[in-house]
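Observations on the model geometry
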2 protein chains.
Amino acid sequence: MEIVFLGTSAAMPTKYRNHPAIALLNEGEVILLDCGEGTQRQLIRAKVNYMHISRIFITHLHGDHFLGLPGLIQTMSFSGRDQPLEIFGPEGIDGLMENILSMGYYEKNFEIKVNEIEETVIAEGKNYEIEAFKVEHSVTAFGIFFREKKDRRFLRKKAEEFGIPPGPLYKKLQNGEPVEFNGKVITPEMVLGKPREGFKVLYTGDTRPLEEIVRRCRGAVLIHDSTFSGKLQRNAIEALHSTSIEAADTAKKGGAKALFLTHISPRYKNATPLLEEAREIFKNSFLSEDLMRVNLGEIVY
Amino acid sequence: MEIVFLGTSAAMPTKYRNHPAIALLNEGEVILLDCGEGTQRQLIRAKVNYMHISRIFITHLHGDHFLGLPGLIQTMSFSGRDQPLEIFGPEGIDGLMENILSMGYYEKNFEIKVNEIEETVIAEGKNYEIEAFKVEHSVTAFGIFFREKKDRRFLRKKAEEFGIPPGPLYKKLQNGEPVEFNGKVITPEMVLGKPREGFKVLYTGDTRPLEEIVRRCRGAVLIHDSTFSGKLQRNAIEALHSTSIEAADTAKKGGAKALFLTHISPRYKNATPLLEEAREIFKNSFLSEDLMRVNLGEIVY
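No experiment lies behind these values; they were computed from the predicted model shown.

Turning next to the packing of helix 2 (residues 69-78) of chain A against helix 3 (residues 93-101) of chain A. Residues and elements named next belong to chain A. Packing of helix 2 against helix 3 leaves a shortest axis separation of 9 Å and a crossing angle of 55°. When the axis of helix 2 is compared with that of helix 3, the two are oblique. Helix-helix and strand crossings are classified by hand; for helix 2 and helix 3 the assignment is right-handed. Where helix 2 abuts helix 3, its residues L69, P70 and I73 lie against M97, I100 and L101. For the contact of helix 2 with helix 3, a count of residues per class yields six nonpolar, no polar and no charged.

As structure tokens, then:
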């Protein structure tokens with residue numbers, strides 16, 4: 001599984017950082033977290049196939065987080081998409097999507113299912129679930145928690161001890177179905193290993209630091225709002241964003257696997273001071289950069 | 001005066017070419033021709049101050065030509081703009097702008113004046129006029145013709161012959177007012193040189209080749225739709241675009257100063273064959289590239 005940072009700036013882009021967007025690459029499926037202006041081009045530059053995007057989560061309705069939607073949808077249409085697309089967003093997403101879909105002349109031949117997130121939402125995938133949970137920003141905003149569901153290991157030895165021959169019965173057990181063999185019922189519990197933890201990615205969107213984030217952190221790759229350096233704590237409080245120090249504190253308290261600082265204010269032409277501040281608190285901190293790819297298996301798990 | 005190419009691709013962006021947008025830099029004022037997604041970032045990359053944009057012309061309502069508007073307007077708002085902004089576009093621009101201005105949460109503290117172009121429109125500037133004229137595309141579309149109005153030279157020698165002393169009377173004459181001196185009336189005609197031709201920039205937007213363009217070409221820098229190579233003439237006809245050969249024919253027939261090919265299909269990773277085709281017909285042809293700056297005074301006038 002991979003994380004691709006498509007845009008790592010805050011409200012305004014810079015030469016090096018585009019508006020917010022993150023792609024999660026999961027077994028051929030692409031899940032998009034936020035979709036700032038220019039995301040379609042960042043996808044092309046990052047060689048992520050936009051036709052494989054199945055779900056888009058918009059954390060909140062500030063333009064920098066969603067203004068890439070109309071262009072992306074129109075480009076999907078030009079490219080002949082027929083697969084449905086799901087969009088999740090806060091209150092107002094329905095009206096916004098109506099607006100977006102009515103802009104200009106083009107033909108759309110695929111279905112878009114819009115899901116308004118109320119208090120929370122859980123979206124199920126073939127091997128994952130995604131939870132949206134409320135965070136604290138100047139408008140209704142959500143954090144996004146991706147959890148991989150991992151199959152339990154099949155203990156071949158145990159199956160052999162029960163005398164089950166390799167073949168279709170193994171498959172059934174792996175799929176969680178009990179089988180009958182030699183008059184005995186063998187349940188999956190008897191031949192499967194312990195439940196395994198999968199990858200977890202926790203993206204805060206724009207927010208003040210929150211206990212809700214700390215609680216979900218353990219074992220996760222935390223992608224945290226880090227608009228400001230710790231030196232501008234007051235700005236962070238006023239604008240309802242976080243500092244790199246607050247992001248690192250959260251990662252430490254919650255026991256994250258790794259921390260990626262993102263939503264970097266355009267004032268930081270060189271943002272390494274933010275990274276240095278974070279590393280003093282939480283060693284496994286990284287500064288997100290546009291088009292940066294993180295292979296979860298290789299780097300942090 | 002300068003032309004800055006901000007985006008030179010067709011409907012979809014590529015790694016090297018963004019969606020259509022062109023900035024005309026005229027004595028501190030920026031006039032934007034089309035505004036594809038990502039234009040605000042291209043302006044930043046090209047070091048063109050987006051706060052100096054006074055007028056935006058949207059040639060037609062295909063998304064690649066206007067989807068940069070919402071983000072640009074929101075960024076102008078964040079940056080504290082209080083100067084009004086004028087937007088010109090074809091039928092439907094009013095409704096589109098209403099949509100655009102209602103997207104997401106932000107505060108706009110400047111006025112936007114939307115002008116729907118019907119058959120044509122002339123916008124006057126302090127030293128220029130801009131004409132929009134109908135072209136031939138799959139939807140209502142306009143070409144944009146920028147003409148600099150140049151002051152007539154003040155013939156100091158003549159003024160001296162009339163015995164007028166240097167000072168406020170010179171100023172009056174330069175400004176086109178007659179003056180009285182020693183009981184004689186001196187008119188501007190008597191002390192001003194011949195009318196001079198200013199810079200002309202003729203941008204076709206998306207179109208088939210047209211007599212309307214040839215007619216306006218003489219002495220102009222022509223920026224012509226060149227979506228396809230001459231080898232794909234049939235595609236150009238079907239999609240109501242032009243080929244590089246048709247663009248060059250137009251420049252030649254009309255007597256343009258220079259031709260810039262733009263709106264290059266993403267299929268051309270290397271578009272020099274389009275340029276070669278054009279140069280065989282019209283020598284002073286150039287291939288537009290993103291962030292390319294053309295100083296009209298130095299290069300072609």
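I53(A), I56(A), I87(A), I53(B), I56(B) and I87(B) are the most contacted members of the largest nonpolar core, which has 64 residues in total. Counting residues in hydrophobic clusters, the runner-up holds 27 residues, among them I3(A), F88(A), I130(A) and A132(A).

Attention shifts here to the sheet that holds strand 14 (residues 258-262) of chain A. All names here are of chain A. Here we have seven strands laid out as an open sheet, ordered 7-8-9-12-13-14-15, and mixed in their pairing. Two strands close off the open sheet at either side, each with one partner strand: strand 7 (120-124) and strand 15 (285-287). Ignoring strand direction, the axes of neighbouring strands in this sheet form an average angle of 20°. Sheet topology note: the strand 12 (residues 197-203)/strand 13 (residues 221-225) ladder contains three bridges and is parallel. The residue bridging Y203 from the neighbouring strand is I223, located in strand 13. The strands that helix 9 (residues 244-254) touches are strand 13 and strand 14; relative to strand 13, the one it contacts most, it runs at about 150°.

The next thing to look at is the packing of aromatic side chains. Each aromatic ring pair is summarised here by two numbers: the centre-to-centre distance and the angle between the ring planes. Within this structure, the stated rule accounts for 10 aromatic pairs over all chains. Judged by centre distance (4.9 Å) and plane angle (50°), the rings of F154(A) and Y170(A) are tilted. Pair noted here: F154(A) is in the loop between strand 9 (141-149) and helix 4 (156-161) and Y170(A) is in helix 5 (residues 168-174), with a separation of 16 residues, a long-range link. Chaining the aromatic ring pairs together yields one cluster made of F5(A), F260(A) and F286(A). One residue, K108(B), lies across the ring of F110(B), its end atom 5.5 Å from the ring centre.

The next subject is the relation of the copies chain A and chain B. Expressed as a screw operation, the relation of chain A to chain B combines 0.0 Å of axial shift with a rotation of 180°, fitting to an RMSD of 0.0 Å. Look at the turn and shift together and you get a two-fold axis relating the two. Across chain A, the smallest distance between a C-alpha and the rotation axis is recorded for G38(A), namely 2.5 Å. Of all interface residues in chain A, 100% are interface residues in chain B too; the two copies therefore contact each other through one and the same surface.

A word on the interface of chain A and chain B. The interface of chain A with chain B comprises 41 residues on the first partner and 41 residues on the second. Run the count over chain A and chain B and you get zero salt bridges. One can count 16 residue pairs in polar contact (both at pLDDT 80 or more) joining chain A with chain B. For the side of chain A that touches chain B, the elements supplying multiple residues, two or more each, are helix 1 (39-45), helix 2 and helix 3 of chain A. Residues of the side of chain A that touches chain B, tallied by class, amount to 17 nonpolar, 17 polar and seven charged.

Turning our attention to the pairing of strand 2 (residues 21-26) of chain A. Residues and elements named next belong to chain A. Where burial is concerned, most of strand 2 is hidden: six out of the six residues are buried. Burial along strand 2 is two-sided: A21, A23 and L25 facing one way and I22, L24 and N26 facing the other are all buried. In this sheet, strand 3 (residues 29-33) lies alongside strand 2 in antiparallel orientation, the contact comprising five bridges. Bridging across to strand 3, L25 finds its partner in V30. Between strand 2 and the antiparallel strand that follows it, strand 3, lie two residues; E27 among them carries a positive phi value of about 50°.

Entries for chain A in the domain assignment read domain 1 (2-152 + 194-298) and domain 2 (156-190). Once you take the C-alpha centre of each, domain 1 of chain A and domain 2 of chain A turn out to be 42 Å apart.

For the rest of this paragraph, the subject is helix 2 (residues 69-78) of chain B. All names here are of chain B. Here helix 2 lies mainly inside the structure; nine of its 10 residues are buried. Taken together, the buried positions of helix 2 are L69, P70, G71, L72, I73, Q74, T75, M76 and S77. At its buried positions, helix 2 is contacted by strand 3 (29-33), helix 1 (39-45), strand 4 (53-57), strand 5 (85-89), helix 3 (93-101) and strand 6 (112-116).

Let's shift gears to the pattern of salt bridges. Once the charged atoms of two side chains with opposite charge are near each other, the side chains can pair. Considering all chains together, one arrives at 30 salt bridges over all chains under this definition. Its salt-bridge partner being K200(A), residue E197(A) comes within 3.4 Å of it at the nearest N-O pair. For E197(A), a relative accessible area of 59% translates into the label exposed. As a salt-bridge pair, E212(B) and R215(B) come within 3.2 Å of each other at their nearest N and O atoms. Placement of the pair is E212(B) and R215(B) together in helix 7 (residues 211-216), with a separation of three residues, close to one helical turn. Several salt bridges converge on common partners, so that one network encompasses E129(A), E131(A), R147(A), E212(A), R215(A) and R216(A).

Now for the state of the cysteines. Within this structure, the stated rule accounts for zero disulfides over all chains. Between C35(B), a free cysteine, and C35(A), which holds the nearest cysteine sulfur, the sulfur-to-sulfur gap is 17 Å.

This part takes up the environment of E136(B). All names here are of chain B. As for its placement among the helices and strands, E136 is situated in the loop between strand 8 (128-134) and strand 9 (142-149). Taking the C-alpha atoms as reference, E136 lies 9.9 Å from E212; in sequence the two are 76 residues apart. Setting aside residues up to four positions removed in sequence, E136 forms contacts with D206, T207, R208, L210 and L240.

All names here are of chain A. Together, E91, D94, E98, E116 and E118 line one region of the surface with negative charge. Structurally, the position occupied by E98 is in helix 3. Here E98 falls in the exposed class, since its relative accessible area comes to 62%.

Taken over all residues, the pLDDT of chain A has a mean of 95, while the share at 70 or more is 99%. Quick note on the complex model: pTM equals 0.89, ipTM equals 0.87.

All names here are of chain A. Most of strand 4 (residues 53-57) sits inside the fold, with five of its five residues counted as buried. Here four bridges tie strand 3 to strand 4, and the two strands are oriented parallel to one another. Residue pairing for strand 4: L32 is matched across the bridge by I56. In terms of handedness, the path from strand 3 via helix 1 over to strand 4 forms a crossover that is right-handed. Here strand 4 pairs with strand 5 (residues 85-89) via three bridges, running parallel. Residue pairing for strand 5: R55 is matched across the bridge by E86. Viewed along the sheet, the connection from strand 4 through helix 2 into strand 5 turns out right-handed.

What counts as what
Residues numbered from 1 in each chain as written. Chains lettered and ligands numbered in written order. Predicted model: local features only at pLDDT ≥ 70, side-chain atom pairs only at ≥ 80, totals over all residues. Heavy atoms only, no water. Axes fitted to C-alpha atoms, helices over the stretch in contact; angles between N-to-C directions. Helix = DSSP H or I, 4+ residues; strand = E, 2+ residues; numbered from the N terminus. Parallel < 35°, antiparallel > 145°, perpendicular 65-115°, else oblique. Left-handed = near helix turned anticlockwise from the far one by under 90°. Contact = heavy atoms within 4.5 Å. Nonpolar A, V, L, I, M, F, W, Y, C, P; charged D, E, K, R; others polar. Core = buried A, V, L, I, M, F, W, Y, C linked by side-chain atoms within 4.5 Å. Buried < 20%, exposed > 50% of the residue type's maximum accessible area, 1.4 Å probe, protein only. Pairing = 2+ DSSP bridges. Phe/Tyr/Trp six-rings, centres within 6.5 Å; stacked < 30°, edge-to-face > 60°. Lys NZ or Arg CZ within 6 Å of the ring centre and 35° of its normal. Least-squares fit on C-alpha atoms with pLDDT ≥ 70 in both. Salt bridge = Lys/Arg side-chain N within 4 Å of Asp/Glu carboxyl O. Polar contact = N/O pair within 3.5 Å; in protein donor to acceptor, adjacent residues only side chain to side chain. Domains from an automatic or database assignment. Disulfide = S-S within 2.5 Å. Patch = residues over 30% accessible without salt bridge, like charges linked within 9 Å, V, L, I, M, F, W, Y side chains within 5 Å. Areas by Shrake-Rupley, 256 points an atom, 1.4 Å probe, with all protein chains shown as cover. Lys, Arg positive; Asp, Glu negative; His and termini not counted. Charge placed at Lys NZ, Arg CZ, Asp CG, Glu CD. pLDDT = per-residue confidence, 0-100. Right-handed = clockwise from strand over helix to strand, strands pointing away.

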